[in-house]
Amino acid sequence: MTKVSPTSRLFVLAVMTLAALYFLLPVWWLVVSATKSSGDLFSGNGFWLGHHFALWDNVQTLFRAQGGIYTHWLLNSLLYAVGGGAVSTLLSAMCGYALAKFPFPGREAVFGTVLAAVLLPAPVLAVPLYLLFSHTGVVNTFWSVFIPSIVSPFGVYLSRIYAASSVPDALIEAGRIDGAREFRIFAMGMRIMAPALVTVFLFQFVAIWTNFLLPSLMLANSSLQPVTVGLVGWREMQGYPIGYTTVVTGALLSVVPVVAMFVSLQSFWSKGLVTGAVK
């Protein structure tokens, strides 16, 4: 086995350190800024704590601003992200399983179309979706954001690849011989596909939670807007009547559900890796 030279190790370590700083410094600035008062936010070192620890005061001001509309925005984001992610994961699993295990004419053409859709940027579809929904009267409703969220070409692609490699054909044939219905067999296959489905759900959850362009186009009613659109609206007020510390604190709290989702579901990845190693 070849040994890695110390120079190469130092170079890799330096690159990884710079990458870590690049990703962590904005997060650190956000955390520190949320603990500052309005006066400390624009004075002193931006990457260090201020003279007064004002996090709890900022949180209270945040949830009281404009009659507590921030709580409503958070609930909207959770509804869009959790509901859309769950339905999208189920549809992706069904489509991927069918493309992997059911031979039918044009199957490769359908899969090629899915691959092409993966390469298509989501913002390209925002304006056509708005025009389509405006003709059907869906604009400025819950469904104008929820319906596009349940479609995930990447989820179909990943589910198809994982189902083809992890769900054995012998299991499907054994289920059919025992008289199990196809939906029952699919339910057993979903248990095997759990690591891939968790990945699909997390990717879709983050994509919906951080989406700004689509809900900003579709929703004019502030009571239907997610937290991303609401915070940008507050930021455009230029500090009045909503202060900058309130916007920063809202941005910090909006990250918490994403982190919590990753932490709570990471065990499925480890279980999938252990299962693959045992096999």
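Residues numbered from 1 in each chain as written. Predicted model: local features only at pLDDT ≥ 70, side-chain atom pairs only at ≥ 80, totals over all residues. Heavy atoms only, no water.

Please clarify how the packing of helix H4 (residues 69-101) against helix H8 (residues 153-166) should be interpreted in this entry.
Geometry of a packed helix pair, given as the angle between the helix axes and the separation of the axes. In contact at an axis separation of 7 Å, H4 and H8 are set at 45° when each is read in the N-to-C sense. Regarding the angle of H4 to H8, the classification is oblique. In this structure, H4 meets H8 at a crossing whose hand is right-handed. Contacts between H4 and H8 involve Ser92, Ala93, Cys95, Gly96, Tyr97, Leu99, Ala100 and Lys101 on the former and, on the latter, Gly155, Val156, Ser159, Arg160, Ala163 and Ala164. Looking at the contact of H4 with H8, its residues break down into 8 nonpolar, 4 polar and 2 charged. (Axes fitted to C-alpha atoms, helices over the stretch in contact; angles between N-to-C directions. Helix = DSSP H or I, 4+ residues; strand = E, 2+ residues; numbered from the N terminus. Parallel < 35°, antiparallel > 145°, perpendicular 65-115°, else oblique. Left-handed = near helix turned anticlockwise from the far one by under 90°. Contact = heavy atoms within 4.5 Å. Nonpolar A, V, L, I, M, F, W, Y, C, P; charged D, E, K, R; others polar.)

Which parts of the structure should I look at to understand the pattern of salt bridges?
Working definition: two side chains of opposite charge can pair if their charged atoms are close together. On inspection of all chains with the given rule, the structure shows 5 salt bridges. With a shortest N-O distance of 2.9 Å, lysine 101 and aspartate 169 are connected by a salt bridge. Residue lysine 101 is found in helix H4, and its partner aspartate 169 is found in helix H9 (residues 169-177); the two are separated by 68 residues along the sequence. Among the residues examined, lysine 101 registers a relative accessible area of 13% and is labelled buried. Arginine 176 is the partner of glutamate 182 in a salt bridge, and the nearest nitrogen-oxygen pair spans 2.8 Å. Shared partners join several salt bridges into a network, and the residues in it are Arg107, Glu108 and Arg160. (Salt bridge = Lys/Arg side-chain N within 4 Å of Asp/Glu carboxyl O. Buried < 20%, exposed > 50% of the residue type's maximum accessible area, 1.4 Å probe, protein only.)

Would you explain the environment of tyrosine 157 in this entry?
Turning to its location among the elements, tyrosine 157 is positioned in helix H8. Take tyrosine 157: its relative accessible area is 30%, and that puts it in the partly exposed class. Linking tyrosine 157 and asparagine 45, residues 112 residues apart in sequence, is a C-alpha distance of 46 Å. Those residues in contact with tyrosine 157, other than ones at most four positions away along the chain, are Phe111, Val114, Leu115 and Val118.

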